[in-house]
Amino acid sequence: MVLVAAVGFPFTAEALGSGYYVGVATRVMIYALAASSLNLVLGYGGMISFGHAAFFGAGAYTVAILAQEGVGSALIAWPLAVAVSVACAIVIGAISLRTRGLYFIMITLAFAQMLYYFFVSLKAYGGEDGINLAARSHLPGIDLRDETAFYFVVLAILAGCLYLLRRLAASRFGAVLRGIRENEGRMTALGYPTYRYRLVCFTLGGGIAGLAGALIVNQHGFISPNLLDWTQSGTLLIMLILGGVGWLYGGVAGAAAMLLLEEILSHWTGYWKLGLGLVLLFVVLRAPGGIGSWLARDGARG
Amino acid sequence: MNALLLLEQALNGLQFGLMLFLLAAGLTLVFGIMDMVNLAHGSLYMIGAYLAATLAQATGSFWIALPLAMALTALIGMALEAGLLRKLYERDHLSQVLATFALILIANDLVRMIWGPQAMMLDAPRALAGTIEIIPGAPYPAFRAFIIGVGLAVAAVLYWLIVRTRVGALVRAGASNREMALALGVNVKRLFTLVFGLGAALCALAGAMLGPLLAVQIGMGESILIQAFVVVVIGGIGSIRGALVGALLVGMVDTIGRAFLPALLRGFLTNNIADALGPTLAAMAVYILMAAVLYWKPTGLFPARG
C-alpha cells in the first residue's frame, strides 16, 4: 500500500502544483536507502558503525569525480561508486572488526575522519569547498534531469534494496548474523567463521550506502567533504534509531520522520535544530524502540 | 631542519595536548565509570568558552571570568547529569548516542539564541600578551606558556586526586569494576554527579584557555570533541594516565605533523606530490595513530578494566 502511495505521489503533487515536494520525497528516499544500509550493519549485524557517512560520501565523490572526467553514464558511474565504497568497507571493516564495543564505534569514526580529510585535501576536486556535479548521470532511455523520472529511479532502487534486505534477513546468512549478534561465542563454538560473516555484512552495508551516495550527489548536484563529516554519520544513526533499529523499514521510517520534521520546523522557526533535539530527547526517554516499536505496540493494543 | 623551530613546535604540541587532556580527562571518566557515551561533552566546552568570554567582557578581567565560568559550567553539567543523563546510564550505547547528539543540537541553537550567530572575541589577559624566552634565543608567546603551566598543574592535581584521595579511590574502583563498587556500598549517585561536574569545569577551563587562540563560535565543540575521543580511546577508556599520555601523543603528532610532514616528504618525493600528500597525511596522522594503536592494542594503551 505504501508502494502504491509512493508511485502515485508525484502525480498528485504535480497536479496540486507542488512539484517541489517531489524533490523532498526523493531526498527522503535517498536518505532512507542510506539509513537502511546502516540498518543492515547495525540492526542485523549488531555493529555500531559511527563512520557510515564515509561510504555514503565515497560513493558520491566517485560519481562527481567521474562526471568531471567526462564519464557521465549512470551504468558505469553508479556501479563504480558501489565498488569504491565496497573496497573502502572491506579495508575499514577488516581492521575495525578486531575491536569490540565502544572501541569499534570509535575506530569506525576514525576511519571516516581519515576519508573526510582525504577529500578535503583533494584540491583538484574542490578540496574543502566541494565540487559541483558537471551534469546528472544519464541512463539510456530515461531522462534523469526530469525530477519525476529521477524520483521513480530512486524509488525503484530503494524498493529493490529493501526487497534484497528482506530476503537477506530471512536467509541462512541473516539467521547466522542474528545468531552472532545475540551470542557470538556460541556461533564461534558452532563452527561459524563469525569474523567473515560480520565483514561481509559490513561490506554489503557499505556498498548500499555508496549507491545512496551516488544518488544524493545527483539530487543535490553538489558534493563537499561535509557529507563525510562525523555529524553526518551521527545523523544517519539517529534516523535509524528514530525509525527502529533492526526493523526492516526502520531506516525508511526514520529518514522520513527526521527530514519531514526538519522541513516543517525550518519553515516555522530558524531554530529548528532545537525543536529536533527536543523531539529526539523525547523519543529516547519515552519511545526507546523508535517508531517501529510504537507501531508494534499500537498494533498489539488494537 | 631548524632545531629552534622544532622545539617551538614541540611546545605548541605540548600546549595543545594538555588542553586536549583537560577535555579528555572528564570524558574518559564519564566513559569509564558510567559506561556512558557523552557526545555533549564538546557542548560543555563551548558553553564554558562563551561564559568565559561574556564574563570577561562584563567584568573586564580574565582572572575573574575564568573561575566564574568554571563554576557555572560545573553547575550546568551537574544539573544536566542529575536531570537527564542519569536516566541513560542503564540504557545501551545507542540511546546514549541519540540523546547526547540531541543535546548538541539543542545546545548549539540555544547558544545561537542567546549570543547570536557571530563568533565572540575572548582576549588573552594583558599581563600575558607578550613573549617570554623559555628556550634562549626563541621568544615564545607568554599566554601559550601559561596554558602549558596550567595544563601541567591540572594534570598534577588530578593525579593527586585520583591516586591519593578517598574520592579518587572510589573513582578508580568505579572505573575498573562498577558493579563491585556498587555492591560495596559506594554512593555512586553522588560520585557520578561530582565527576560530571569536575569534567564540566575542566571543559570550561579548556574553553577559556583556548578561546583567545581559536575562535569562540558555535560548533567549536564538535571538531575538538572527536579529537578528545581519539585521546580517550588511545589511552584506554577510564584511565586518567592513559588520557594524559594519549593527549600528549595526539597533540605532538598533530602539531609536529602539520609543521614538518610536508617538508619532510619533499626530501624524498617530487615537490608536487609532497605538497599534495603532506597536508593530507598531517591531517590524517592522528586518526592513523589511533587505528594503529587499536590494531595492536584493541583496548588502548592503559586499559583501566582488567
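All values reported here derive from a predicted model rather than from experimental measurement.

Caption draft 1: Representation of the overall build of chain B within the structure. What chain B contains, in helices and strands, is 11 helices and two strands. Along its sequence from the N terminus, chain B presents helices and strands in the succession α-α-α-α-β-β-α-α-α-α-α-α-α. Taken over the C-alpha trace, chain B has a radius of gyration of 20 Å; the compact-globule value for 306 residues is 19 Å, and the two agree within 12%. When the backbone C-alpha atoms are referred to their principal axes, chain B occupies close to 60 × 50 × 35 Å. A total of 306 residues make up chain B; the buried ones form 51% of that total. Partitioning the contacts of chain B with sequence separation of at least 6, the portion at a separation of at least 24 is 77%.

Caption draft 2: Summary view of the overall build of chain A. Scanning chain A from terminus to terminus reveals 13 helices and two strands. Dimensions of chain A, computed from C-alpha atoms along their principal axes, come out at roughly 55 × 50 × 40 Å. Counting only residues that meet the buried cut, chain A has 49% of its 302 residues in that class. Put simply, 76% of the contacts in chain A that link residues at least 6 apart link residues at least 24 apart.

Caption draft 3: Up close: the interface of chain B and chain A. Contact residues are listed per partner, giving 36 residues for chain B and 37 residues for chain A. Broken down by secondary-structure element, the contributors of at least two residues to the side of chain B that touches chain A are helix 4 (93-115), helix 9 (220-235) and helix 11 (271-296) of chain B. For the side of chain B that touches chain A, the element with the most residues is helix 4 of chain B, which contributes 15 residues.

Caption draft 4: Structural detail: helix 8 (residues 188-210) of chain B. The end-to-end C-alpha separation of helix 8 of chain B is 32 Å, in line with the 33 Å expected for 23 residues at 1.5 Å each. Along helix 8 of chain B, 17 of the 23 residues are buried, which leaves the element largely enclosed by surrounding structure.

Caption draft 5: Layout of the packing of helix 10 (residues 230-243) of chain A against helix 11 (residues 250-268) of chain A. Residues and elements named next belong to chain A. Axis separation between helix 10 and helix 11 bottoms out at 7 Å; the angle between their running directions is 110°. Classified by the interaxial angle, the pair formed by helix 10 and helix 11 is roughly perpendicular. Every residue of helix 11 that contacts helix 10 at I238, M239, L240, L242 and G243 is listed here: G250, G251, V252, A253, G254, A255, A257 and M258. Of the residues that constitute the contact of helix 10 with helix 11, the class distribution is nine nonpolar, four polar and no charged.

Caption draft 6: How the structure looks around the packing of helix 1 (residues 3-34) of chain B against helix 10 (residues 240-266) of chain B. Residue and element names in this part refer to chain B. Where helix 1 meets helix 10, the closest approach of the two axes is 7 Å, and the angle between their N-to-C directions is 145°. Of the two possible hands of crossing, helix 1 and helix 10 adopt the one that is right-handed. Here the residues of the contact of helix 1 with helix 10 are counted per class, giving 17 nonpolar, eight polar and one charged.

Caption draft 7: Representation of the pairing of strand 2 (residues 138-141) of chain B within the structure. All names here are of chain B. Of the pairings in the sheet, the one linking strand 1 (residues 131-135) to strand 2 comprises three bridges and is antiparallel in character. Within strand 2, the residue paired with T131 across the bridge is P141. Here strand 1 hands over to strand 2 after two residues, with G137 in that stretch at a positive phi of 90°.

Caption draft 8: Spotlight on the environment of V120 of chain A. Topologically, V120 of chain A is positioned in helix 5 (residues 101-120). For the pair V120 of chain A and T148 of chain A, spaced 28 residues apart in sequence, the C-alpha to C-alpha distance is 33 Å. Those residues in contact with V120 of chain A, other than ones at most four positions away along the chain, are G127, E128 and P225 of chain A together with A283 of chain B.

Caption draft 9: The nonpolar core, seen in detail. Counting 215 residues, the largest nonpolar core has A24, A52, V230 and M290 of chain B as the members making the most contacts within it. Looking at which element gives the most residues to this core, the answer is helix 1 of chain B, with 16 residues. Apart from residues lying up to four places away in sequence, M290 of chain B is in contact with A110 of chain A together with V230, V233 and I234 of chain B.

Caption draft 10: Local environment of the environment of G289 of chain A. Mapped onto the fold, G289 of chain A is located in the loop between helix 12 (272-286) and helix 13 (290-301). Once the C-alpha coordinates of G289 of chain A and L242 of chain A are considered, the two residues, 47 residues apart in sequence, prove to be 7.8 Å apart.

Caption draft 11: Region of interest: the confidence of the model for chain B. On average, residues of chain B score 87 in pLDDT, and 99% of them reach the 70 mark or higher. Scored as a complex, the prediction yields pTM 0.86 and ipTM 0.81.

Caption draft 12: Spatial organisation of the environment of L202 of chain B. Residue and element names in this part refer to chain B. Within the fold, L202 resides in helix 8. A C-alpha to C-alpha distance of 9.2 Å links L202 and A24, two positions 178 residues apart in sequence. Beyond its immediate stretch of four places on either side in the chain, L202 contacts L22, A25 and G26.

Definitions and limits used
Residues numbered from 1 in each chain as written. Chains lettered and ligands numbered in written order. Predicted model: local features only at pLDDT ≥ 70, side-chain atom pairs only at ≥ 80, totals over all residues. Helix = DSSP H or I, 4+ residues; strand = E, 2+ residues; numbered from the N terminus. Rg over C-alpha atoms; globule rule 2.2 N^0.38 Å. Buried ≥ 20, exposed ≤ 12 C-beta atoms within 10 Å, placed from the backbone. Contact = placed C-beta atoms within 7 Å. Expected span 1.5 Å × (residues − 1). Axes fitted to C-alpha atoms, helices over the stretch in contact; angles between N-to-C directions. Parallel < 35°, antiparallel > 145°, perpendicular 65-115°, else oblique. Nonpolar A, V, L, I, M, F, W, Y, C, P; charged D, E, K, R; others polar. Left-handed = near helix turned anticlockwise from the far one by under 90°. Pairing = 2+ DSSP bridges. Core = buried A, V, L, I, M, F, W, Y, C linked by C-beta atoms within 7 Å. pLDDT = per-residue confidence, 0-100.

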